[in-house]
Amino acid sequence: MFKRKNQSQEPADNGNGRRGLFARMKQGLAKTRGSFTEGLARLVAGKKQIDDELIEELETLLITADVGVEATTEIIEAITERVKRRDLDDPEALVQALREHLVEAVSAPADPLDWQPGADQRVVLVVGVNGVGKTTTIGKLAARYQEEGLSVMLAAGDTFRAAAVEQLQQWGGRCGCPVVAQDTGADSASVIHDAVQAAASREADVLLADTAGRLHTKTNLMEELAKVRRVVNRLDEDAPHETWLVVDATTGQNAIAQAEKFHESVPLTGLVVTKLDGTAKGGIAVSLVRRLGLPIRYIGIGEGVEDLRPFDPEAYVDALLDTGTDAGDAAP
Ligand SMILES: Nc1nc2c(ncn2[C@@H]2O[C@H](COP(=O)(O)OP(=O)(O)O)[C@@H](O)[C@H]2O)c(=O)[nH]1
Ligand SMILES: [Mg+2]
């Protein structure tokens, strides 16, 4: 059983309590925040007004954090325009403006995921290349959803290696979620097909389907995923209800091209950005949203079950810029 079941008996500020949520996210984003906030502080220090040099350095800072050339150019242009209009006249105001622009850039239109026990069943396909954190994310999500009172089933659709199935079974065991699996080397689409049928007959609220990031055969991964999607869709014309691409934040700008390729083959509905704790380039979240127009649903900030957070654009940017406080914590 997970420790967080006992959380009410533990001090409120142990990082799991409501007050500690924002602190924990800040800690997870420490690497990006470190370079970003220090950079900003250095830029702004001792400056009474905003000059070209300051704006140029801000541009460099954004690029360095992997915000991406396009988003950076847009933000810098908007800020330059505001400086010209004298709408922004001191470095403090500049930081506030930067915050606003980043929040806007990292937000994409999305319906809330307010899934209810006993309501419509949700089939979620989780896709992404090998090692990005798909199985781990599914394990963390299963625990989260179970805690919210939803009944969860898992599909071991990554049939590439035995370890992948075992890994999912371990996560399933921890939260008591049934795992539908077949032997290694089985057809991923067939496993997920069976799982969708099993989830329907057991009336599970959520089916989280793991998929392969690599294949035994020379079959194209994208074609295989498209097939999985078709098979699921044949069983239920509304399914998959969600297709989430897991992206490893430490991949850098290559992640964008990778994401676009997936999106062409299996229409994605959202993103999960993992391993943000391992990089100073948390700006990748901005590039991804800017290029794909998809919402980030969750972020991974560590390996533990509690290290998956629903994504909140404002809290994220505040954690990066160090502008938020625990008191203002709006994280769920
Ligand atoms: N630091 C860190 N490690 C993570 C995170 N998410 C996953 N991992 C680790 O990344 C490795 C690969 O994860 P896995 O779920 O097996 O990736 P998959 O091949 O996409 O299923 C594992 O060691 C995970 O513990 C994260 O948010 N932060
Ligand atoms: Mg896996």
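Every value quoted in this text rests on a predicted model; they were computed, and no experiment measured them. (Residues numbered from 1 in each chain as written. Chains lettered and ligands numbered in written order. Predicted model: local features only at pLDDT ≥ 70, side-chain atom pairs only at ≥ 80, totals over all residues. Heavy atoms only, no water.)

### Brief notes about the overall build of the chain
- From N to C terminus, the chain includes twelve helices and eight strands.
- Put simply, the chain has 332 residues, and 53% of those count as buried.
- Of the roughly 15,100 Å² of accessible surface on the chain, 45% is carried by carbon and sulfur atoms. (Helix = DSSP H or I, 4+ residues; strand = E, 2+ residues; numbered from the N terminus. Buried < 20%, exposed > 50% of the residue type's maximum accessible area, 1.4 Å probe, protein only. Areas by Shrake-Rupley, 256 points an atom, 1.4 Å probe, with all protein chains shown as cover.)

### Focus on the site of ligand 1
- Surrounding ligand 1, one finds 17 residues, the nearest of these being Gly-131, Lys-134, Thr-136, Asp-277 and Glu-303.
- One of the side-chain N or O atoms of Thr-136 is found 2.5 Å from an oxygen atom in ligand 1.
- At 3.3 Å, a backbone N or O of Gly-302 approaches an oxygen atom of ligand 1.
- When the free accessible area of ligand 1 is taken as 580 Å², the share hidden by the protein chains comes to 81%.
- Per element, the largest residue contribution to the shell around ligand 1 is four residues, and it comes from helix α6 (residues 134-147).
- Counted by class, the shell around ligand 1 contains three nonpolar, nine polar and five charged residues. (Near = heavy atom within 4 Å. Polar contact = N/O pair within 3.5 Å; in protein donor to acceptor, adjacent residues only side chain to side chain. Nonpolar A, V, L, I, M, F, W, Y, C, P; charged D, E, K, R; others polar.)

### Re helix α5 (residues 91-105)
- The first and last C-alpha atoms of α5 sit 21 Å apart over 15 residues, in line with the 21 Å expected at 1.5 Å per residue.
- Along α5, the positions that sit buried rather than exposed are Pro-91, Leu-94, Val-95, Ala-97, Leu-98, Arg-99, His-101, Leu-102, Val-103 and Ala-105.
- Contacts from the buried residues of α5 go to α2 (30-44), α3 (52-64), α4 (69-84), α11 (284-292) and α12 (313-321).
- The opening residue of α5 is Asp-90, an N-cap whose side-chain oxygen sits 2.9 Å from the backbone nitrogen of Glu-92. (Expected span 1.5 Å × (residues − 1). Contact = heavy atoms within 4.5 Å.)

### A look at the confidence of the model for the chain
- Per-residue confidence for the chain gives a mean pLDDT of 87; residues scoring 70 or more make up 89%.
- Scored below 50 in pLDDT, residues 1-16 shows 22 contacts in the model against residues more than four places distant or in partner chains.
- The low-confidence segment residues 326-332, where pLDDT is below 50, has twelve contacts with residues more than four positions distant or belonging to other chains. (pLDDT = per-residue confidence, 0-100.)

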